[in-house]
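Observations on the model geometry
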Amino acid sequence: MNQESKNYQPKKQLKQTETRICQNCGKEFTIEPEDFEFYEKIGVPAPTFCPDCRLQRRMMWRNERKLYKRKCDLCGKDIISIYPPDAPFPVYCSKCWNSDKWDPMDYGREYDWDKPFFEQIEKLYKKVPHLSLMELNNTNCPFVNYAWFSNNSYMCFDLGYGEDMMYSKACHFVKDSIDCSYAKKIELCYECVEVEKSNHSSFLKNCENCLDSHFLTNCKNCSSCILCEN
Ligand SMILES: [Zn+2]
Ligand SMILES: [Zn+2]
């Protein structure tokens, strides 16, 4: 073998598009050459689940809107929770969970190097009490989740510093509004989406600094406007 052939290195071949069967739902899915390159780059094997099943698997860790009636496993009171009554772990209401009536340190345990990690984390997960709703310092807001420093609000998810809000999602520093989403600093609004610093308006989309306006899209600094679009 001469020197040249000895040093010969085959040119790196780009992988072909591959069709695979999802191990979970049995449907076909494709993996593109760029995907293979990316998996190689971050050092993980190619997936065996289709994109939809992968998304479901990621999202099962965040229950944002499905609420259940159940009892707090510490004080026994009726509560609303993101965990069903038959959840395999104890669920505490916010008051109990934040109290000194239990000590999280009691659940510490030694790691056993002879047993699989996931087996041990599952056991721990089923023992440690879970917080009934993701909420902090709310008053009179039993049906909210991912909410903090809010008052008198109902059926809101991802609500921060909200007051008298209903049926809204991802609204922060908001007041007296219904059916809004992705809104910030709005007041007396209805059906506003991606709206900021607006007041007394309805059906606004992607607007800012609007007042007494209705049915606007992509508008800024409007006052008493109706049916405008940019
Ligand atoms: Zn699948
Ligand atoms: Zn409780």
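Up top you'll find the structure we're talking about.
First things first, this report covers the structure right here in the doc.

Criteria and cut-off values
- Residues numbered from 1 in each chain as written.
- Chains lettered and ligands numbered in written order.
- Predicted model: local features only at pLDDT ≥ 70, side-chain atom pairs only at ≥ 80, totals over all residues.
- Heavy atoms only, no water.
- Donors = N, O, S within 2.8 Å, 3.2 Å for Na, K, Ca; no water.
- Helix = DSSP H or I, 4+ residues; strand = E, 2+ residues; numbered from the N terminus.
- Buried < 20%, exposed > 50% of the residue type's maximum accessible area, 1.4 Å probe, protein only.
- 1 Å grid on protein atoms, 1.4 Å probe; cavity = no way out; pocket = protein on both sides within 12 Å on 5 of 7 lines; lining within 4 Å.
- Points joined across faces, edges and corners; volume = space filled by probe spheres on them.
- Nonpolar A, V, L, I, M, F, W, Y, C, P; charged D, E, K, R; others polar.
- Contact = heavy atoms within 4.5 Å.
- Tetrahedral: all angles 85-135°; square planar, octahedral: opposite > 155°, others 65-115°.
- Phe/Tyr/Trp six-rings, centres within 6.5 Å; stacked < 30°, edge-to-face > 60°.
- Lys NZ or Arg CZ within 6 Å of the ring centre and 35° of its normal.
- Salt bridge = Lys/Arg side-chain N within 4 Å of Asp/Glu carboxyl O.

Next up on the list: the coordination of the zinc ion (ligand 1). Tetrahedral coordination by four donors places them ideally at 109.5 degrees to one another around the metal; octahedral coordination by six donors ideally gives 90 or 180 degrees. Around the zinc ion (ligand 1), the donor atoms from the protein are Cys22 (SG), Cys25 (SG), Cys50 (SG) and Cys53 (SG), and they sit 2.3 to 2.4 Å away. Site description for the zinc ion (ligand 1): donor spacing in sequence, C-x2-C-x24-C-x2-C. Linking Cys22 in the loop between β1 (18–21) and β2 (28–31) with Cys50 in the loop between α2 (33–42) and α3 (51–59), this pair joins segments that are 28 residues apart in sequence. The same class applies to Cys22 as to Cys50, namely buried.

The next subject is the layout of surface pockets. When its volume is computed, the largest pocket comes out at roughly 380 Å³. Lining of the largest pocket is provided by 18 residues; of these, Ile79, Cys93, Ser94, Lys95 and Glu135 occupy positions nearest its centre. Those elements that provide at least two residues to the lining of the largest pocket are β4 (78–81) and α4 (94–97). For the lining of the largest pocket, the per-class residue count stands at 8 nonpolar, 5 polar and 5 charged. By volume, the second largest pocket amounts to about 290 Å³. Lining the second largest pocket are 13 residues; nearest its centre among them are Met60, Trp61, Asn63, Tyr83 and Tyr125. The residue inventory of the lining of the second largest pocket, partitioned by class, reads 10 nonpolar, 1 polar and 2 charged.

For the rest of this paragraph, the subject is the side chain of Ser213. As for its position among the elements, Ser213 is in the loop between β12 (193–208) and β13 (214–217). Judged by relative accessible area, which is 0%, Ser213 ranks as buried. Those residues within four positions of Ser213 in sequence are excluded, and the remaining contacts are His200, Ser201, Ser202, Leu204, Cys222, Ser223, Ser224 and Cys225.

Attention shifts here to the coordination of the zinc ion (ligand 2). Each protein donor to the zinc ion (ligand 2) is listed here as Cys72 (SG), Cys75 (SG), Cys93 (SG) and Cys96 (SG); together their distances run 2.3 Å. Classification of the site at the zinc ion (ligand 2) as tetrahedral follows from its 4 donor atoms and the range of 102 to 119° in their angles at the metal. Assessed through its relative accessible area of 30%, Cys75 is described here as partly exposed. Looking at Cys96, the relative accessible area reads 2%, which means it is buried.

Overall, the coordinates contain 16 aromatic pairs when judged by the stated rule. Ring geometry for Phe117 against Phe118: centres 5.1 Å apart, planes inclined by 75°, an arrangement best described as edge-to-face. On the basis of relative accessibility, which here comes to 41%, the residue Phe117 falls in the partly exposed class. Overall, the relative accessible area of 64% leaves Phe118 in the exposed class. A centroid spacing of 5.5 Å and a plane angle of 80° characterise the contact between Tyr190 and Phe203, whose relative ring orientation is edge-to-face. Residue Tyr190 is found in strand β11 (residues 181–190), and its partner Phe203 is found in strand β12; the two are separated by 13 residues along the sequence. For Phe203, a relative accessible area of 33% puts it in the partly exposed group. Among the aromatic residues, those joined into a cluster by ring pairs are Trp61, Tyr83, Phe89 and Tyr125. Here the basic side chain of Arg57 rests over the ring of Phe49, its NZ or CZ set 4.1 Å away from the ring centre.

Under the counting rule described, the total for this entry stands at 8 salt bridges. For Asp78, the salt bridge is made with Lys71, and the minimal N-O distance between the two is 2.6 Å. For Asp78, a relative accessible area of 63% translates into the label exposed. Overall, the relative accessible area of 48% leaves Lys71 in the partly exposed class.

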